[in-house]
Amino acid sequence: MHFGFNTAVKGLLASQRSLYTTNHNINNINTKGYTRQLASQRATTPYDLPGIGYLGTGTEIYDISRVRNSYLDFKYWNENAPMGEWEVKKNHLSEIEKLFGEPSNSSFRQYLDDFFQALTHMSTNPSDPSYRETVRENGLAITKHINETAVRLEELRRETKVAIENNVVKINSIADQIASLNRQIYSHEIDGRQANDLRDRRDLLVDELSKIANVKVHESDDGKFRVSISGVSLVDHIHVSEIKYKTEPNSDEITIEWGNGASVDFKSGELKGLLDLYSGNGENNSYRGIPYYQNKLDQFAQEFAEKFNEVHQGGYGLNGSSNIDFFKIGDENNPAATITLSDKILENLDNIAAGKEPGHSEDNRNLLELIALRDDREFFTGGVSQGTPDDFIKSIISNLAVDSMQGERMYSSQNIMLKNIQSKRDSVSGVSYDEEMADMVRFQHAYIASARMITTLDTIMDVTINRLGLVGR
């Protein structure tokens, strides 16, 4: 009789533990990174009755495991890094597009239009101060726009540098957390049990890390967990190889190194995208990052000022002045941020050289040569960006548009791929409310049935012990 009680109690406990697992799943239905857990049930060892056979002894919960597909995890981590890289590039290039403002009323081409239009108006009446004032103001406007764009590009590059530093700190922090979890998981699982919730936390950290850098994960048969970047261990079980952020002396170049001084080779991820944006100058087929557009803007400011000044110096102002620069560069190493009008133009409008000969107030021949620069196809020579000032700006905008479109397309493609993988992960590992409710009802019925079996056995025992043999007493 006690044998039957034990069998019924085992069924009761098994149903109870399955209900506990279902309850845990429902409670964590909205927990990020949580993996559905499954209580695995099996029949216990049967009892051998001589001459009869084996009598079942009930059931037991032998394992509570995560419902997880390691291949989907591998795919997710592998595709998350490229998405992080192109997301960063897409967002930064979008910011650069806003700085150049094409097409809009605050674009470079609009400022050029206004400046050369003012020169055209002045050519109709070179001695009129109001026309000369308009030329000076529009000249100042275009230089200030170049200055502002250069300053904002430099600010964007500084922000990118800060983002690189923050990501390096974040990688080291995540690596320390993974190592700490490795230690806890290893100690909890040494007796063969599964530390499911700790494993979920570790996998969530790897998800986060895989967006920053291209990581590979390996867990050995003895339970030791390893995370590497381009084949070099970042986390080797409980040991962490931290990466270091380094700037070269008297340089704005950034290197990210391992503790032994070797450079970290980022193949993809947010850090790869940020490094490309920070350092990419477009040379030798390198990525066209922020320095590329800074260099192009500097080239435009430098050559525009030189070419315009060259023609302006050959003319005469109303006061007979000549050989005067219209523009000046404050710092030859940073022309776009320091281009402005020359002091003589700012001080005296009469110094604007409209004529080709002194003493002729209505002479506009030098102005006409300045105006003709707008359509001079040899204004900029050499390199990809050549031709008129408009052609130079178009070249920059075209490159920016191509880069931005590539970033948008690559990000969109990676995002779709990643969402598809995440959907498959959720279908395998996610908690379904309907499924858990169905399991709850199923385990509840099994629990009630086991409880009724105990009641039935109790009744049988009561009759056997207390009621049999009472007849005739």
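Rules used throughout
Residues numbered from 1 in each chain as written. Predicted model: local features only at pLDDT ≥ 70, side-chain atom pairs only at ≥ 80, totals over all residues. Heavy atoms only, no water. Helix = DSSP H or I, 4+ residues; strand = E, 2+ residues; numbered from the N terminus. Rg over C-alpha atoms; globule rule 2.2 N^0.38 Å. Buried < 20%, exposed > 50% of the residue type's maximum accessible area, 1.4 Å probe, protein only. Contact = heavy atoms within 4.5 Å. Areas by Shrake-Rupley, 256 points an atom, 1.4 Å probe, with all protein chains shown as cover. Lys, Arg positive; Asp, Glu negative; His and termini not counted. Charge placed at Lys NZ, Arg CZ, Asp CG, Glu CD. Pairing = 2+ DSSP bridges. Axes fitted to C-alpha atoms, helices over the stretch in contact; angles between N-to-C directions. Parallel < 35°, antiparallel > 145°, perpendicular 65-115°, else oblique. Left-handed = near helix turned anticlockwise from the far one by under 90°. Nonpolar A, V, L, I, M, F, W, Y, C, P; charged D, E, K, R; others polar. Phe/Tyr/Trp six-rings, centres within 6.5 Å; stacked < 30°, edge-to-face > 60°. Lys NZ or Arg CZ within 6 Å of the ring centre and 35° of its normal. Core = buried A, V, L, I, M, F, W, Y, C linked by side-chain atoms within 4.5 Å. Salt bridge = Lys/Arg side-chain N within 4 Å of Asp/Glu carboxyl O.

Asker: Help me understand the overall build of the chain in this model?
Answerer: A count of helical and extended segments in the chain gives twelve helices and twelve strands. Its C-alpha atoms give the chain a radius of gyration of 38 Å, more than 25% over the compact-globule value 23 Å for 473 residues. Taken over the C-alpha atoms alone, the chain extends approximately 150 × 45 × 30 Å along its principal axes. Counting over 473 residues, the chain shows a buried share of 43%. A separation threshold of at least 6 residues defines the contact pool for the chain, and within that pool the share at least 24 residues apart is 66%. Split by element, the accessible area of the chain, about 24400 Å² in all, is 49% carbon and sulfur. Here the chain holds 51 positive side-chain charges and 69 negative ones, and the gap between their average locations is 9 Å.

Asker: How should I be thinking about the pairing of strand β10 (residues 254-257) in this particular structure?
Answerer: Looking down a regular strand, the side chains alternate between one sheet face and the other. Relative to β10, strand β9 (residues 244-247) is paired through four bridges, and the arrangement is antiparallel. Pairing of Lys 246 across the sheet is with Thr 255, part of β10. Connecting the antiparallel pair β9 and β10 is a turn made up of six residues, with Asn 250 showing a positive phi of about 55°.

Asker: Mind showing me how you'd approach the packing of helix α4 (residues 129-188) against helix α6 (residues 270-279) here?
Answerer: When two helices pack together, you describe them by how their axes are tilted relative to each other and by the distance separating the axes. In the contact formed by α4 and α6, the axes pass within 9 Å of each other and the chain directions differ by 155°. Relative to α6, α4 is oriented roughly antiparallel. Crossing of α4 over α6 shows left-handed handedness. Facing Arg 157, Thr 160, Lys 161, Ala 163, Ile 164, Asn 167, Val 168 and Ile 171 of α4, the residues of α6 in contact are Glu 270, Leu 271, Leu 274, Leu 275, Leu 277 and Tyr 278. Of the residues belonging to the contact of α4 with α6, the class tally is nine nonpolar, two polar and three charged.

Asker: What am I meant to see in the packing of aromatic side chains here?
Answerer: The geometry of an aromatic ring pair is captured by the separation of the ring centres together with the interplanar angle, meaning the angle of the planes. Scanning the entire structure with this criterion turns up 19 aromatic pairs. Seen in terms of ring centroids, Phe 100 and Tyr 293 are 6.4 Å apart; in terms of plane orientation they differ by 65°. Their pairing is edge-to-face. You can see Phe 100 sitting in helix α2 (residues 70-100) and its partner Tyr 293 sitting in helix α7 (residues 290-312), a full 193 residues away along the chain. With respect to burial, Phe 100 and Tyr 293 carry one shared label: buried. Each ring, one from Phe 300 and one from Phe 380, has its centre 5.6 Å from the other, and the planes form 20°; the classification is stacked. Of this pair, Phe 300 sits in helix α7 while Phe 380 sits in the loop between α10 (365-372) and α11 (389-429), and the two are 80 residues apart along the sequence. Grouping residues by exposure puts Phe 300 and Phe 380 together as buried. Positioned above the aromatic ring of Trp 86 is the side chain of Lys 89, whose terminal nitrogen or guanidinium carbon lies 4.6 Å from the ring centre.

Asker: What am I meant to see in unusual backbone geometry here?
Answerer: One can expect most non-glycine residues to show negative phi and most peptide bonds to be in trans. One non-glycine residue, His 237, lies in the positive phi region at around 60°. With respect to the helices and strands, His 237 occurs in the loop between β7 (232-236) and β8 (239-240). Backbone geometry places Asn 323, a non-glycine residue, at a positive phi of 55°. Its location among the elements puts Asn 323 in the loop between α7 and β11 (327-329). With relative accessibility at 56%, the residue Asn 323 sits in the exposed group.

Asker: When you look at the nonpolar core in this model, what are you seeing that I'm missing?
Answerer: Taken as a class, soluble globular proteins show a tendency for nonpolar side chains to be buried jointly. Among the nonpolar cores identified, the biggest contains 92 residues, and Ile 256 and Phe 266 are the most heavily contacted of them. The biggest single contributor to this core is α4, with 16 residues. Residues in contact with Phe 266, not counting those within four places in the same chain, are Ile 171, Ala 213, Asn 214, Ile 229, Ile 243, Ile 256, Leu 271, Lys 272 and Leu 275.

Asker: Would you mind going over the packing of α4 against helix α5 (residues 196-212) with me for this structure?
Answerer: Between α4 and α5, the shortest axis-to-axis distance is 10 Å and the interhelical angle comes to 155°. Taken together, the axes of α4 and α5 lie roughly antiparallel to each other. For the crossing formed where α4 meets α5, the hand is left-handed. For the pair α4 and α5, contact is made by Asn 167, Lys 170, Ile 171, Ile 174, Gln 177, Ile 178, Leu 181, Asn 182, Gln 184, Ile 185 and His 188 and by Leu 198, Arg 199, Arg 201, Arg 202, Leu 205, Val 206, Glu 208, Leu 209 and Ile 212, respectively. Residue classes in the contact of α4 with α5 are distributed as ten nonpolar, five polar and five charged.

Asker: I'm lost on the pattern of salt bridges in this one. Help?
Answerer: Where charged atoms of side chains with opposite charge meet at close range, the side chains can pair. Per the counting criterion, the structure on display carries 35 salt bridges. Put simply, Arg 36 and Glu 436 hold a salt bridge, and the shortest N to O gap is 2.8 Å. Of this pair, Arg 36 sits in the loop between α1 (2-27) and β1 (37-43) while Glu 436 sits in helix α12 (residues 433-467); the two residues are 400 residues apart in sequence, bridging distant segments of the chain. By relative accessible area, which is 10% here, Arg 36 ends up buried. Residue Glu 436 is classed as buried on the basis of its relative accessible area of 1%. In this structure, Asp 390 and Arg 109 form a salt bridge, with 3.6 Å as the shortest nitrogen-oxygen distance. Linking Asp 390 in helix α11 with Arg 109 in helix α3 (residues 108-124), this pair joins segments that are 281 residues apart in sequence. What makes Asp 390 buried here is its relative accessible area of 13%. The network of salt bridges with shared partners includes Arg 66, Arg 68, Asp 73, Asp 200, Asp 203, Asp 207 and Arg 425.

Any link to function would need more than the numbers given here.
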